[in-house]
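What the coordinates show
Here are the chains, one letter per residue:
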Amino acid sequence: MIAAISAAALTLSGCAASNALNEEEETTAADTSDTVSVGVLHSLSGTMAISEVSLRDAELMAIEEINADGGVLGKQIEPIVEDGASDWPTFAEKAKKLLQKDEVATVFGGWTSASRKAMLPVFEQNNGLLWYPVQYEGMESSPNIFYTGATTNQQIVPSVTWLLENKGKSFFLIGSDYVFPRTANKEIKAQLEAEGGTLVGEEYTPLGHTDYSTLISKIKEEKPEVIYNTLNGDSNVAFFKQLKDAGITADDMTVLSVSIAEEEIRGIGTDVLTGHYAAWNYFQTTDTPENEKFVAAYKEAYGDDRVTGDPIEAAYNAVYLWAAAVEKAESFDVDAVKEAAGGIEFKAPGGTVTIDGDNQHTYKTVRVGEIQADGQFKEVWNSGEPVKPDPYLETYPWAEELN
Amino acid sequence: MAVVITQIFNGISLGSILLLIALGLAITFGLMNVINMAHGEFIMAGAYTTYVVQQAFSQYVPESFFNYYYVAAIPLSFLIGALLGFVLEKTLIRFLYHRPLDSLLATWGVSLILQQVARSIFGAPNVAVTSPAWLDGGIAIAGAVLPYKRLFIIALVTICMISLYLYLDKTAAGRKMRAVTMNRSMASSLGVSTKKVDAAAFAIGSGLAGVAGCALTVLGPIGSTIGTYYIVDAFMIVILGGIGSLIGTVFGALSVGMLGTIAEFWTGASMAKVIVFVAIIAFLQYKPAGLFSARTRSLE
Amino acid sequence: MDKKKLGYWLFFIALFLGPLYLTEFRLALMGKFLCFAIVALGICLIWGYTGILSLGHGVYFGLGAYCTAMYLKLESAGGELPDFMEWSGVSALPAFWQPFSNPVFALGASLVIPALLAAMLGFLTFKNRIKGVYFSLISQAVVVVFVTLFVAKQDWTGGTNGLTNFTTFLGISLSSPLVQIALYMLTVITLGISFALASRLTNSRAGRVLSAIRDGENRVRFLGFNPTSYKVFVYSLSAALAGLAGTLFVLQVGLISPAMMGIIPSIEMVLWVAVGGRHSLIGAILGAVIVNSAKSFFSETYPDIWSIFLGLLFIIVVMFLPNGLVGMVQSWKDKRKKSKQKGGTANATDSVVS
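Here the residue numbering is sequential within each chain, running from 1 through the sequence in written order. Lettering for chains starts from A, numbering for ligands starts from 1, and both go in the order in which the items are written. Given that this is a predicted model, residues contribute local features only at a pLDDT of at least 70 and side-chain atom pairs are listed and counted only at 80 or more, while totals for whole chains, interfaces and linings are drawn from all residues. Side-chain calculation: all heavy atoms of the structure are included, whereas hydrogens and water are not.

**Quick notes on the overall build of chain A**
For helices the rule is a DSSP run of H or I covering at least 4 residues; for strands it is a run of E covering at least 2, with both sets numbered from the N terminus onward. A tally of regular secondary structure across chain A gives 13 helices and 15 strands. Note on method: radius of gyration uses C-alpha positions; expected globular size equals 2.2 Å times residues raised to 0.38. In terms of overall dimensions, chain A is globule-like: its C-alpha atoms have a radius of gyration of 22 Å, near the 22 Å expected for 403 residues. If one aligns the C-alpha atoms of chain A with their principal axes, the spans along those axes are about 65 × 60 × 45 Å. The burial tally for chain A puts 64% of its 403 residues in the buried class. Considering only intrachain contacts with a sequence separation of at least 6, the fraction spanning at least 24 residues in chain A is 68%. Method for areas: the Shrake-Rupley scheme with a 1.4 Å probe, in which residue coverage is limited to the protein chains shown. Carbon together with sulfur atoms contributes 49% to the accessible area of chain A, which is approximately 13,500 Å² in total. When the 29 positive and 65 negative side-chain charges of chain A are each reduced to one mean point, those points stand 4 Å apart. Only protein chains enter the accessibility calculation, which uses a 1.4 Å probe. A residue is then buried if its area is under 20% of the maximum for its type, exposed if over 50%, and partly exposed in between. Contacts were defined at the residue level, with two residues in contact if any of their heavy atoms lie within 4.5 Å. In this tally, Asp and Glu contribute negative charge and Lys and Arg positive charge; neither His nor the terminal groups of the chain are included. Taken as the charge location is NZ of Lys, CZ of Arg, CG of Asp or CD of Glu.

Dropping the structure here:
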């Protein structure tokens, strides 16, 4: 027994000693070399890996492109990839490691709101910099986070207006039972009231729910013109398959989703999705010269069968925006980069994006697309010009009581 | 009126899906007393088999026959599930018959490995299965639409139930299986090879999981984690029905299905889940042996 | 025996001196693992000593953590409504939140609430003589109920995001390295005291009754003991330990969410004990530390391999090392002893009870 314990104690201290040595070597190496390290922190294992691996790929691709182009401030970017393992404390822990041990200049990472909320205190306490590339529910503006995905007024609010003008007034809201759908739906309800829509139903199902027969019979009972869908992940597959079985097609009711991008379409099947809509800032079919290059490069790097999508593009943009801010600041220092970031522009695949210096979100063009039989979107509407981000919906009178 | 019919039908339909999932467990857990946490991954294996068969048909078979891929997928899913179950029994389970809690832990390890293997082969994202055209649409009755897919699953589970009943009651092999589950040492001393019977029973139970996986492809997602969505529910149904009673499992599944749809209709899906599980836990306090329990005077 | 005690002292002193030889990052990890070790102690008591396999200890861990987190959240909100309630459209603090603004109440509740829930559940199920795998599966159903509720009642619990972003505890900033070291040392002391109490319990008369219940509950009953009350007691005790661990976890990690009380974390807790040695308290502690170190090592280097490795670990331990690492060392030592004293009678092997 005593042998086992002392052995364990020895191993412990041994590990620690070797770690300390390694760390010293690494830091000294980083200081003298002509590289700058950045963190890439996504779930590479667990349930979220499905979505987040593509973001890592896009970020690494952007880093490679910038390096091939001469790097940032003459330094090559060296990515340190960490796995958040779909586990929120792991995200916080790895963020701490990247900031304290690896002393990275910035971190690109996260997908779920829960992972962002877990990392937020770490970045604030260590004065780090996080680039978060996914559309989210708004109501947040941390001084240490840049948000390159859409906030609600760049995705949900305009799409509701579009639906009211083109598809019908009566709405049924369905969503997975977690923070994003509940917050989004609260905003949609206020907007419907202000813009003359009616709410006929609102339902939430647990994450991973797979039987939608009862929910669909509630929908049939209420006969809405529009179903606004904030379901997440696997639930979408079950919902759309069962909706079609119940005899409801895109001609009967319009379903607009905010969590279905090109990647998800492939797992659901176009036979049940064709004719329904989604709101994003970017589609693989978006017609810009930058996008043509981006899609070709992505497919060349990761295989012809891969597709791009909105969060992938936002992750790609994040790296370029950071690099541009560093060039402008002429420094990797977090405060200097933040100071310089306001007004930085990037010709992104989905149209020009600009950083709003006040809330550290980006101006983005809003697009609504119809799902085609080939699994791609056909854009049916866009906002024309990039929309100013407004995470707290301060410019919308109907949103006053939400805050 | 249409809503009432739809909801009753939905209850039965959900019950039939749960029954299909729990039927395999009713054998491996109910009759053999083995907790197989990898049961959900056999469901996954069945679903992926269906996907592979579909891919093969779309490549190698004339288009006019494509819609019949599903007919080929059902028996193949059974075979794949059964094969996996057989291998698992031979390599792991048979050493753990006297340590049920340990078999629970070991099979949970197996389930982790199978999920990762599936991810390595098919990739992490879901794959899509196009359901055969002859299952599209439904029957309209008094304004309610009864989808063919759900009717098909009800028919499929009925066929599975009847074949299982006939097998256990009317064939020599099935009767041996029942003899072993009733009194292992007595059966063994009368010349029944318990080893063979165990392997066969486990293979059949696992094969049924494969069939369930095949059926689920028409309704839900096909990915490496689908087994985890159903496994806890399935175990609760078998316990609720009463260990060792097939008819109990049927009633367990139907009552959970009905209660679930009614509760969801009046509240919401999350609360319905809570209500169903609390109801099961509470019921088991009142009747620990489940709905249908074999009368026994034994102490343990 | 004395040699053994000395070993334990050395072990805990080595842990206590962690801040001297561990970097800040590793120290934070070790602090988290030691919280898990406290949970493992509780599981060892009910599983290894009493034969009850709970697949629901994530719930008790989570409840303890939430109780403390509610206090932390209220303190950092500084008299205002916590941020997530504002988004969820709650206008006033729910009544059941109010007492948690008192730190003594919150810390007390983090022990008492898990213990009470366990006592209630345990009393009902054990009185009805539900045991073995049935109890395990029911405890898993309890996990489903709690996780679904905590996710669905987002206006009260923060939903999937959980509770996070705390700044101070009793007015002291949680982010300063000194506080982290103090919390680490507090965790080591708590673990040490829990270990001492648990080993005293297992060596007492009551502890022998517990083992007897594991090996033959009905015989114990026929001897005039009431197994139910012993089982309820030890089950509540282990729930309280899990709640205590939850408190220390939330103070150090600064985050609790329903994902941490789910089915998979609950089963992993059992794995820690199985790897270390289910019949040994020190084994449970070592198991928690070793498995979690391996997890963070593997997920840092080979993220894909981790779940296969975890799966294999389960199978290997169950098939070949039913008494875990401690059992392996023990049998190796026994063998050596045997070969030394030729002809001496072999020790009776450990009974393997599941």
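Right, picking up where we left off after that structure.
**A few points about the domain arrangement of chain A**
Residues and elements named next belong to chain A. Domains assigned within chain A are domain 1 (2–149 + 287–363) and domain 2 (153–285 + 366–402). Residue ranges labeled as domains rest on an automatic or database domain assignment. Just the C-alpha atoms count here: the centres of domain 1 and domain 2 sit 29 Å apart. On the side of domain 2, 25 residues touch domain 1, which itself brings 32 residues to the contact. When a carboxyl oxygen of Asp or Glu is within 4 Å of a side-chain nitrogen of Lys or Arg, the pair counts as a salt bridge. The partner of Asp356 in a salt bridge is Lys388, and the shortest N-O contact between them spans 2.7 Å. Polar contact is the term for a pair of N or O atoms within 3.5 Å; when the atoms are in protein, one must be able to donate a hydrogen and the other to accept it, and sequence-neighboring residues count only if both atoms are side-chain atoms. Run the count over domain 1 and domain 2 and you get 16 residue pairs in polar contact (both at pLDDT 80 or more).

**Quick word on the interface of chain B and chain A**
On the side of chain A, 31 residues touch chain B, which itself brings 37 residues to the contact. What counts as buried area is the accessible surface, traced by a 1.4 Å probe, that two parts surrender upon association, with contributions from both included. Between chain B and chain A lies a buried interface of about 2,700 Å² when both sides are counted; carbon and sulfur atoms form 50% of it. If you sort the residues of chain B by the area they bury against chain A, Asn126(B), Tyr229(B) and Glu264(B) come out on top, with a joint share of 17%. At the surface where chain B touches chain A, the tally comes to 3 salt bridges.

**Considerations on the sheet that holds strand β11 (residues 345–348) of chain A**
Residue and element names in this part refer to chain A. Strand pairing follows a simple DSSP-based rule, namely that at least 2 bridges must link the two strands. Read from one edge of the open sheet, 3 strands run β11-β12-β13, paired in antiparallel fashion. Two strands lie at the open edges of the sheet, namely β11 and β13 (362–363), each paired on one side alone. Against the sheet, helix α12 (residues 310–329) touches β11, β12 (351–355) and β13, its axis set at about 140° to β11. Fitted lines through C-alpha atoms serve as axes, helices being fitted only where they are in contact, and the angles separating the N-to-C directions of these axes extend from 0 to 180 degrees.

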